[in-house]
Amino acid sequence: MTRPDEAARAAGRSEPIRVLIVDDHALIRRSLELALAAEADIEVVGEASDGREAVELADRLMPDVVLMDVRMPKLDGIGATRKIKESVPSTRIIMLTVSDEEEDLFEAIKAGATGYLLKDVQIDEVPDAVRGVHEGQSLINPAMAAKLISEFANMSRKEAERPPQLPVPRLTEREMEVLRLVAKGMNNREIAKDLFISENTVKNHVRNILEKLQLHSRMEAVVYAVRERLLEIT
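Here the residue index of a chain counts from 1 through its sequence in written order. The predicted nature of this model means local features are confined to residues of pLDDT at least 70 and side-chain atom pairs, given and counted, to a pLDDT of 80 or more, with totals for whole chains, interfaces and linings taken over all residues. Note that water and hydrogens are dropped before the side-chain values are worked out from all heavy atoms of the structure.

An unreviewed UniProt entry lists the protein chain under the name DNA-binding response regulator, with Microbispora bryophytorum given as the organism.

Asker: How should I be thinking about the pairing of strand E2 (residues 42-48) in this particular structure?
Answerer: Two faces make up the sheet, and in a regular strand the side chains alternate between them. Between any two strands, pairing holds if DSSP finds at least two bridges. Segments assigned H or I by DSSP are reported as helices when at least four residues long, segments assigned E as strands when at least two residues long, and all are numbered from the N terminus. Both strand E1 (residues 17-22) and E2 contribute to a ladder of six bridges, which runs parallel. Bridging from a neighbouring strand, valine 22 pairs with alanine 48 of E2. Orienting the strands away from the viewer, one traces the path from the first strand over the helix to the second; a clockwise path indicates a right-handed crossover. With respect to chirality, the unit in which E1 leads through helix H2 (residues 26-37) into the neighbouring parallel E2 is right-handed.

Asker: Explanation requested: helix H11 (residues 218-227) in the structure shown.
Answerer: An α-helix turns once every 3.6 residues. As a result, residues three or four positions apart point the same way. Burial classification: accessible surface area is computed with a 1.4 Å probe over protein chains only, and a residue below 20% of its type maximum counts as buried, one above 50% as exposed, and the rest as partly exposed. Taken across its ten residues, H11 has seven buried, putting it largely inside the fold. Those residues of H11 lying buried are Arg218, Met219, Ala221, Val222, Tyr224, Ala225 and Val226. Directly after H11, the chain includes arginine 229, whose backbone phi takes a positive value near 60°.

Asker: What exactly am I supposed to notice about the UniProt feature "modified residue: 4-aspartylphosphate" (unreviewed entry) in the protein chain here?
Answerer: UniProt positions are given in the numbering used here, feature names are shortened, and annotations may be inferred rather than shown by experiment. UniProt feature "modified residue: 4-aspartylphosphate" (unreviewed entry): in the numbering of this structure it lies at Asp69. Relative to the helices and strands, aspartate 69 is located in strand E3 (residues 65-69).

Asker: Would you mind showing me how to read the nonpolar core here?
Answerer: Residues belong to a common nonpolar core when they are buried Ala, Val, Leu, Ile, Met, Phe, Trp, Tyr or Cys residues joined through side-chain atoms within 4.5 Å. Counting residues in each nonpolar core, the largest one holds 27 residues, and the members touching the most others are Leu20, Val22, Val66, Met68, Ile84, Ile93 and Met95. Elements that contribute at least two residues to this core include exactly E1, E2, helix H3 (51-61), E3, helix H4 (77-87), strand E4 (92-97) and helix H5 (103-111). In terms of residues, this core owes the most to one element, H3, which gives five residues. In this view, isoleucine 84 contacts Ala54, Val55, Ala58, Met68, Pro89, Thr91 and Ile93; residues no more than four positions away in its chain are not counted. If you look at the next biggest cluster of nonpolar residues, it comprises 23 residues, including Val178, Ile191, Leu213 and Val222. Working rule for contacts: check all heavy atoms of both residues, and any pair within 4.5 Å makes them a contact.

Asker: Looking at this structure, I do not really get unusual backbone geometry. What am I missing?
Answerer: Backbone geometry places methionine 62, a non-glycine residue, at a positive phi of 50°. Secondary-structure assignment places methionine 62 in the loop between H3 and E3. Backbone geometry at phenylalanine 196 places phi at a positive 60°, although glycine is not the residue there. With respect to the element layout, phenylalanine 196 can be found in the loop between helix H9 (188-195) and helix H10 (199-213). The exposure class of phenylalanine 196 is exposed, given its relative accessible area of 76%.

Printed below as a string of structure tokens:
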């Protein structure tokens, strides 16, 4: 039975969130499909059992969100994530992993994944995770955010001598404030509280940042800002 809050979401969105499920274990795919099928505002448009099949389906189905296993045969989740972001850059990718300590997971985030879910997560948390990334949030814990920030800082130092290739779009002072907090791994609610503005205002700022930089995810924006020296991370 659809809860009132779910019905309200569905009424406010003209099209459901299109989801592709990718995992080499049929039982996990089935569990995820059952959890999402009950949601009025989410539609599972396909399933894949390996990375190669995931890339082909993503290119054909153009899903809004992909739930992607990290370790799979033929092509792993990292390679599949990289290829999907190249062919369908607007797609948000959530990695499925057994541990948030995996080095592979860090590489997947760098490849363009929006965040991750542990495979032992409560199944009823999955729909909200899908909605969150679709709305522009990142599913990254503070420890992973700190690791990413360290990587960004190293990247910034390595490229310090490289002149910008093209004129860099100008961000407003408020947009820069929001981007700095995104770089710290903060979600929209935390940013809103820190800046004393509404969560909707934060969403608007993030959307404007991505449009100006012609990017599709918060992490891409942080990487770009560090590379072009819009943002200094120490």
